Amino acid sequence: MEEIKIEVPVEPPKELETLFLPIPKDYVEDTYRKDDFLILVGPQHPGSGHMRLIVRVKGDIIQEVIPDPGYVHRSMEKLAENRLYIQNIPLVERPAIMDSANFNLGYVRAIESAMDIEVPERAKFLRTILAELCRIGTHLYDAAILAVFIGHTTGFMYPFGIRELICEALARMTGARFTSSFIIPGGVRRDVEEKTLRWVYDATFAIEKRLKSFERIFIKNPTTIARLRDVGVLSKEEAIRFGVVGPFLRASGVEYDTRIVEPYEAYEEVTWDIVTADEGDGYARFLVRVNEVSQSLGIIRQCITSMPEGRYVSEQICDDVKGNFFDKFGNLVLPAGEYTTLTEAARGTLLFTIVSDGESNVPYRVRIVTPGWLYLRGFMESLKGERLADLQAIYGSFGYFPPEADR
Amino acid sequence: MIDEILATLMNVFRSNSMQIPLIQPIVDYLMQIPLINILVALILWRPFFAVVIMPGLAVLLLYLLYIVWFERKLTARIQWRVGPLEVARPIRGAIQALADGLRYFFQEAIVHRDAHRPYFVQLPILAFIPILLPIAFIPAGNAVGIKTPYAIQLIVAFLALIPITIIAIGWASNNRFAFVGSVREALMYVAYEIPFIIAVISMIYLYGSGDPYVAVEKQSLVPGAILNPIAFLVFLITMLMATSRLPFEIPEADQEIAFGPFVEYSGMLFGLVMVLAYEKLYIMTLLFVILFLGGWNGFYFEPLGDLNAPLCLFIKTVVVISIIAIVRSMYARYRIDQTLRYSFSWLIAFSMVALGIGVVLGWIL
């Protein structure tokens, strides 16, 4: 189709000068000199989350998207420098509260690698169960947000209904619905009873049953497929070049999972498949996470059936955490050095680095690189050339979570 | 002088009055009281009754209260929730819509600086004119506002005016999202109007007249939905598109463009624009029932007399709308280009097939 050019000089709106946009002034004038115009999506837009997207559109086609993140920056890294190592555990799980166990696990493993603590088998299995429960919860949350972004309110309510079971399982195991701070250096805080584990085992089947009705109403819905298929396509090469991580990388056909590449906890002892897809479009990114949920349910069941007996916290730390928690952990001092761990959080690879000076009981520096921050570039690139209405569909298919990316 | 005018009016009203045996004793009693009797006669005057009471304004308001509550309750039941409950617990939150309306009424209606002030304020009210005009032409048995053999064509013509007011609302808002919303509304208008009009024309061919009385009489044995099922389907889908219900809730997509043309409205003005789509749905469903579901054919109770036809039409309309309400919890939203593609390819093709069926059947019958 031949393009009709309408060269009407338009003055840039005055509000664009006052909004402190992170773009040069020339860019705004250049945009308005052409046929394009700028749409500011967020931070108070129902389809943006806690961030601003500066969308340059030509007609209905997105030319470029410039992200303006940082609205929920809480300076986690700086706060961590002023707290005891053990006090940092509740802090580092705040960026993504649905995914708290994975964040907790990454930080605690960095401390363990510094202190050469051998974690008992039972604790490893319990930690794996917690991490997978949080992964399912996060995937369900993202599915709900995706559903409401493309206007499907039932698809929003069902996953939140299902996630109640996850919250209940976490509450029974750890005492909190999420952000339980249950994983501590050397193990977990308390042992989990056989009865509770049996309940979690049964709950996985209840979740599976409810996921079937979610699949009927949303995943296999023709309108969902029409909206998500062939939008926001990232090819394998692009996904690698832009540094996309986690399920979104796997949706582009790259078989990379930190749980396979550098196995930690009990992931070596259970059998599960790495989920990939080749299309790299929004629907593939969604389906990969849906299939990961069923893999995670399988991991939880295997962990519960083959749960070893034994200690829940390493004897290098203490006999029993109960009653002497701060005596044992309050004056934790890490040997001087830099300790890095990679964790597969629900949304992708999570990096924790702790730098210790070897004499103080607070970290010298804590570095958190969250998956959201890593795949932001790929997210922005995948929007180019799509329609304005697809902005929310692609946003939802990435499950971008600003508090996690901003830390 | 006044007595003569009153007497003339009384004669006009009494000569064409609704006969309802059930309330006849009360009417007879009220007729003996001066001044009250002229009001009662006016209300029972058939044109007035059709336009203002049933199936016109009064039941339209009743329907608005009902459908907002019912839609929320039905959606909640599907979504493992409870829905509105706290306003009037004994009747399961049934007056929630009334409470919301009161809240809108007392809320400040903000008119922002960039808006075109006169149009911004008056357009939500002006939008009621094309909503209310078709009611004058919709008959229900003996109760009819303006009796004309071109009623169906006129209703369709007035319905086509509603998107123009919505586009004007988006223009007067002077907002980028409102602008995108108005353009989407204009595109949707083009997308649904052609198949919709062809579907209606096919039914006019089938019945051989644009007169609702003829249409309803010809459906006394077989309803139009069975005579021409493809026109029925096309009308149903275009009705969803015209009233921006969910697979096609494109102009108002709240996650994408934040209610589109209505993004800047608040308070009472928002209350007015919010119910626009529901009122349009009501008018279109009345037309739908007349064309496809046998109009006011149905039950006949002796004590109700002339009220049978309007009541039957209203009940059919509300049942149809209550069934349509379920699509909101079943579908996600299509994109505008997908909708245009579907509409200009198979929807128009189907409406052409429906037109063929209508012409052939109209020739046979």
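Residues numbered from 1 in each chain as written. Chains lettered and ligands numbered in written order. Predicted model: local features only at pLDDT ≥ 70, side-chain atom pairs only at ≥ 80, totals over all residues. Heavy atoms only, no water.

**Examining the overall build of chain A**
The secondary structure content of chain A amounts to 17 helices and 8 strands. For chain A, buried positions account for 59% of its 407 residues. Of all intrachain contacts in chain A linking residues separated by at least 6 positions in sequence, the fraction that spans at least 24 positions is 69%. In the structure as shown, chain A presents an accessible area of about 16500 Å², 51% of it carried by carbon and sulfur atoms. (Helix = DSSP H or I, 4+ residues; strand = E, 2+ residues; numbered from the N terminus. Buried < 20%, exposed > 50% of the residue type's maximum accessible area, 1.4 Å probe, protein only. Contact = heavy atoms within 4.5 Å. Areas by Shrake-Rupley, 256 points an atom, 1.4 Å probe, with all protein chains shown as cover.)

**A short note on the side chain of N37(B)**
Summarising the element assignment, N37(B) is placed in helix α3 (residues 36–44). With residues near it in sequence (within four places) discarded, N37(B) still touches M10(B), L30(B) and M31(B).

**With respect to the layout of surface pockets**
Taken as a whole, the second largest pocket spans an internal volume of roughly 1400 Å³. V68(B), M274(B), V275(B), Y278(B) and R328(B) are the residues nearest the centre of the second largest pocket, which is lined by 48 residues in total. When residues of the lining of the second largest pocket are traced back to their parent elements, those giving at least two are α7 (153–174) of chain A together with α5 (57–78), α6 (96–106), α8 (128–137), α15 (254–257), α16 (267–274) and α17 (276–292) of chain B. (1 Å grid on protein atoms, 1.4 Å probe; cavity = no way out; pocket = protein on both sides within 12 Å on 5 of 7 lines; lining within 4 Å. Points joined across faces, edges and corners; volume = space filled by probe spheres on them.)

**Quick word on the confidence of the model for chain B**
Averaged over all residues, the pLDDT of chain B equals 85, while 100% of them reach at least 70. Confidence, expressed as mean pLDDT per element, reaches its minimum in chain B at α15(B) with 76 and its maximum at helix α14 (residues 229–242) of chain B with 90. (pLDDT = per-residue confidence, 0-100.)

**A word on the domain arrangement of chain B**
Residues and elements named next belong to chain B. With domains assigned, chain B is organised as domain 1 (2–44) and domain 2 (114–364). The distance between the C-alpha centroids of domain 1 and domain 2 comes to 35 Å. Listed as interface residues are 6 residues of domain 1 and, on the opposing side, 8 residues of domain 2. Joining domain 1 to domain 2, the criterion identifies 0 salt bridges. Across the contact surface, domain 1 and domain 2 share 0 residue pairs in polar contact (both at pLDDT 80 or more). Here the residues of the side of domain 1 that touches domain 2 are counted per class, giving 4 nonpolar, 2 polar and no charged. (Domains from an automatic or database assignment. Salt bridge = Lys/Arg side-chain N within 4 Å of Asp/Glu carboxyl O. Polar contact = N/O pair within 3.5 Å; in protein donor to acceptor, adjacent residues only side chain to side chain. Nonpolar A, V, L, I, M, F, W, Y, C, P; charged D, E, K, R; others polar.)

**Here's the deal with the packing of aromatic side chains**
Residue and element names in this part refer to chain A. A complete count under the given rule lists 40 aromatic pairs over all chains for this structure. Geometrically, the ring pair formed by F149 and Y395 is edge-to-face, given 5.4 Å between the ring centres and 75° between the ring planes. Separated by 246 residues along the polypeptide, F149 in helix α6 (residues 121–149) and Y395 in helix α16 (residues 390–398) bring together distant segments of the chain. Residue class for Y395 comes out buried when judged on its relative accessible area of 3%. The structure contains a cluster of three or more aromatic residues connected by ring pairs, namely F149, F248, Y375, F379, Y395, F398 and Y400. In this arrangement the basic side chain of R109 is found over the ring face of Y264, its NZ or CZ atom lying 4.1 Å from the centre. (Phe/Tyr/Trp six-rings, centres within 6.5 Å; stacked < 30°, edge-to-face > 60°. Lys NZ or Arg CZ within 6 Å of the ring centre and 35° of its normal.)

**Side note on α6(A)**
All names here are of chain A. Here α6 is 29 residues long and its end C-alpha atoms lie 42 Å apart, about the 42 Å a rise of 1.5 Å per residue gives. Along α6, 27 of the 29 residues are buried, which leaves the element largely enclosed by surrounding structure. Once α6 ends, the next one or two residues include G151, with phi positive near 85°. (Expected span 1.5 Å × (residues − 1).)

**Topic: the pairing of strand β6 (residues 337–345) of chain A**
By the bridge criterion, 9 bridges tie β6(A) to strand β7 (residues 348–356) of chain A in an arrangement that is antiparallel. By the bridge assignment, T343(A) is partnered in β7(A) with L350(A). (Pairing = 2+ DSSP bridges.)

**Some words on the sheet that holds β6(A)**
Residues and elements named next belong to chain A. Across the sheet, which stays open at both edges, the 3 strands sit in the order β6-β7-β8 with antiparallel pairing between neighbours. Where the open sheet ends on each side, the last strands, each with one partner, are β6 and β8 (365–369). Strand-to-strand twist across the sheet, computed as the mean angle between neighbouring axes with direction ignored, equals 10°. Taken together, the 5 bridges between β7 and β8 define a ladder with antiparallel strand orientation. Across the sheet, T353 pairs through a bridge with R367, a residue of β8. Here helix α5 (residues 100–115) sits on the sheet in contact with β6 and β7, set at roughly 150° to β6. (Axes fitted to C-alpha atoms, helices over the stretch in contact; angles between N-to-C directions.)

**Details of the domain arrangement of chain A**
All names here are of chain A. For chain A, the assigned domains read domain 1 (15–68) and domain 2 (76–406). Summarising the inter-unit geometry, the C-alpha centres of domain 1 and domain 2 are found 32 Å apart. Taken together, the contacts link 19 residues of domain 1 with 16 residues of domain 2. Here domain 1 meets domain 2 over a buried area of about 1400 Å², counting both sides, of which 72% is carbon and sulfur. Of all residues in domain 1, the largest losses of buried area upon contact with domain 2 belong to M51, D60 and I62, amounting jointly to 34% of the total for that side. Scanning the region where domain 1 abuts domain 2 turns up 1 salt bridge. (Buried area = accessible area lost by both parts, 1.4 Å probe.)

**What to know about empty space enclosed by the protein**
Residues and elements named next belong to chain B. Applying the stated criterion across every chain yields a total of 4 cavities of 30 Å³ or more. The space that makes up the largest cavity amounts to roughly 100 Å³. Lining of the largest cavity is provided by 14 residues; of these, I166, E185, A242, S244 and K280 occupy positions nearest its centre. When residues of the lining of the largest cavity are traced back to their parent elements, those giving at least two are α10 (162–173), α11 (176–207), α14 and α17. Of the residues assigned to the lining of the largest cavity, the class counts are 9 nonpolar, 2 polar and 3 charged. Roughly 40 Å³ of volume is contained in the second largest cavity.

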